[in-house]
Amino acid sequence: ISACRSSCRMFASRISLAPRWLYRGAKTSTRSRSESTVSNVSEIVEGILQDVQKVGNAALNKYCEKFDRVPHKRLTDADIEECMKACSAQEIADIQYAQANIRRFAQLQRDSMKDVESETQPGVILGHKHIPIKNVGCYVPGGKFPMIASAHMSVLTAKVAGCDRVAACTAPMPGGEPGRLPNTTIAAMHLAGADEIYLMGGAQAIGALAYGTETIAPVDFIAGPGNAFVAEAKKQVFGKVGIDLIAGPTETLLLCDDSVDAEFCAADLLGQAEHGYNTPAILVTTCEKLAQETLVKVEEELKIIPTAETAGASWKDYGEIIIVDNDQEMLEVAEEIAGEHVQVMHRDWGFFKENLRNYGGLFLGEETNVSYGDKVIGTNHTLPTMTAGRYTGGLWVGKFIKTHTYQHISREASVEIGDYCSRLCGYENFAGHKEQADVRLRRWKPGYDTKYYEGRPQ
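Residues numbered from 1 in each chain as written. Predicted model: local features only at pLDDT ≥ 70, side-chain atom pairs only at ≥ 80, totals over all residues. Heavy atoms only, no water.

Q: Summarise the pattern of salt bridges; cite the residues concerned and give the values.
A: Applying the stated criterion across every chain, the model contains 15 salt bridges. Here Asp-79 ties to Lys-73 by a salt bridge, and the two come within 3.3 Å at their closest N and O atoms. Since its relative accessible area comes to 35%, Lys-73 is described here as partly exposed. Among the ionic contacts, a cluster of salt bridges with common partners joins Asp-257, Asp-258 and Arg-347. (Salt bridge = Lys/Arg side-chain N within 4 Å of Asp/Glu carboxyl O. Buried < 20%, exposed > 50% of the residue type's maximum accessible area, 1.4 Å probe, protein only.)

What follows is the structure, encoded as structure tokens:
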């Protein structure tokens, strides 16, 4: 361990803290965590989006057939009913339980958002209104790991926000007969309140939602996670539509003292590492014994878990075990990492709840874990990655709501405000702006006769 202190590169801004790496994956310092495993993903996505925008359904179907083996399809009521019947009673009950929790918390968030109106000075009424976005697209990842929970997190949250139209999409099941419907995902979309459900995935689906086609009306906002192509597509259509955030590979960060054991730590690291081949999974601890035992336990678990192929690749390349001297150092290293999921298994987890500022979601105590948040507990699982927790939180009901201001004032107040506005516009040489004030002052302020302003000499 002592040798590691001198040989490992420290966080650039934390050199004086000198954290020690017991274990460090091969690519943690040589490649950005945001780098795609496909080198030209930006160019590929740009071509797909341009094609869908120009050609519409024909282009959409070309890419759906190429990547998903079947053209896109809007599901009928009969299709949805068939999916519902294909689910077991237990599956439906479990989905409904999760959605009840997510709806309950989303409603609490919505209720916290209050419209305001106040007379800020005599005769001046200012306010703001929270207005739901009308048309929302929700992307629900499919494929090898169909993310049923993403239907709850996006579709249901948008409906709680009050969005008029929610168009949801997901890819067909891979393998087997082409076009197989992901029954549980479709059921979750339907139970969450989706107004339209489309069988389509990938960048082409994002293009169809953003630009519209002959049969798909465009949306105003797109939410939901996806692979590198989906994330890049959302990035490229931003501006044409709003987006929730750019979701990179899943990240997990454990902050632990000696009150937790290696079995929990290994399970919680690998439970997120299985998401893909480039998932950072990091343990920061003040306990050298825990660090050593967790390293051994991770290797043991990788020999038996069914998802060892993906989890093992992520751990080999992006796993880390960092030993720090005290809780303050742990806090500062965590701030530097700004992880998507931060799981605090520590006697004094309240210290981190109070002081940690850069993260996606916080999981406090060994009793909870990231999987609870991912699937069922009620908080949203679409969270900022790639250190974006420095400047934004995750998906929540407020992302589907716009806050718009308004004002109205009395004539007396218009005269007072207008006097200041006229002079302030003059300082900036905005003659037209100044006239907006002056025309009212001439009308309502006796003796005021200022004409168009020609600007201040420079």
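Q: Describe in detail the packing of aromatic side chains, supporting the description with residues and values.
A: Taken as a whole, this structure holds 4 aromatic pairs when the rule is applied. Arranged with centres 6.4 Å apart and planes meeting at 10°, the rings of Tyr-63 and Phe-67 form a pair that is stacked. A residue pair is termed a helical-turn pair when its members lie 3 or 4 positions apart in one helix, as Tyr-63 and Phe-67 do in helix α3 (residues 57-68) at 4 residues. Note on Phe-67: relative accessible area 44%, which makes it partly exposed. Pairing Phe-221 with Phe-400 gives two aromatic rings, centres 5.5 Å apart and planes at 70°, and the pair type is edge-to-face. Residue Phe-221 is located in strand β8 (residues 221-223), and its partner Phe-400 is located in the loop between α15 (370-375) and β15 (401-409); the two are separated by 179 residues in the primary sequence. (Phe/Tyr/Trp six-rings, centres within 6.5 Å; stacked < 30°, edge-to-face > 60°. Helix = DSSP H or I, 4+ residues; strand = E, 2+ residues; numbered from the N terminus.)

Q: Could you give me a rundown of the sheet that holds β15, with the residues and numbers involved?
A: In a beta sheet, neighbouring strands pair by backbone hydrogen bonds and run either parallel or antiparallel. Pairing is antiparallel across the open sheet formed by 3 strands, whose spatial order is β3-β4-β15. At either margin of the open sheet sits one strand with a lone partner, and together these are β3 (116-121) and β15. Each strand axis lies, on average, 20° off the axis of its neighbour in the sheet, ignoring direction. Where strand β4 (residues 124-132) lies against β15, 9 bridges are found, and the strand directions are antiparallel. Within β15, the residue paired with Lys-129 across the bridge is His-404. With respect to the sheet, helix α16 (residues 411-427) is in contact with β3, β4 and β15, its orientation differing from that of β15 by roughly 100°. (Pairing = 2+ DSSP bridges. Axes fitted to C-alpha atoms, helices over the stretch in contact; angles between N-to-C directions. Contact = heavy atoms within 4.5 Å.)

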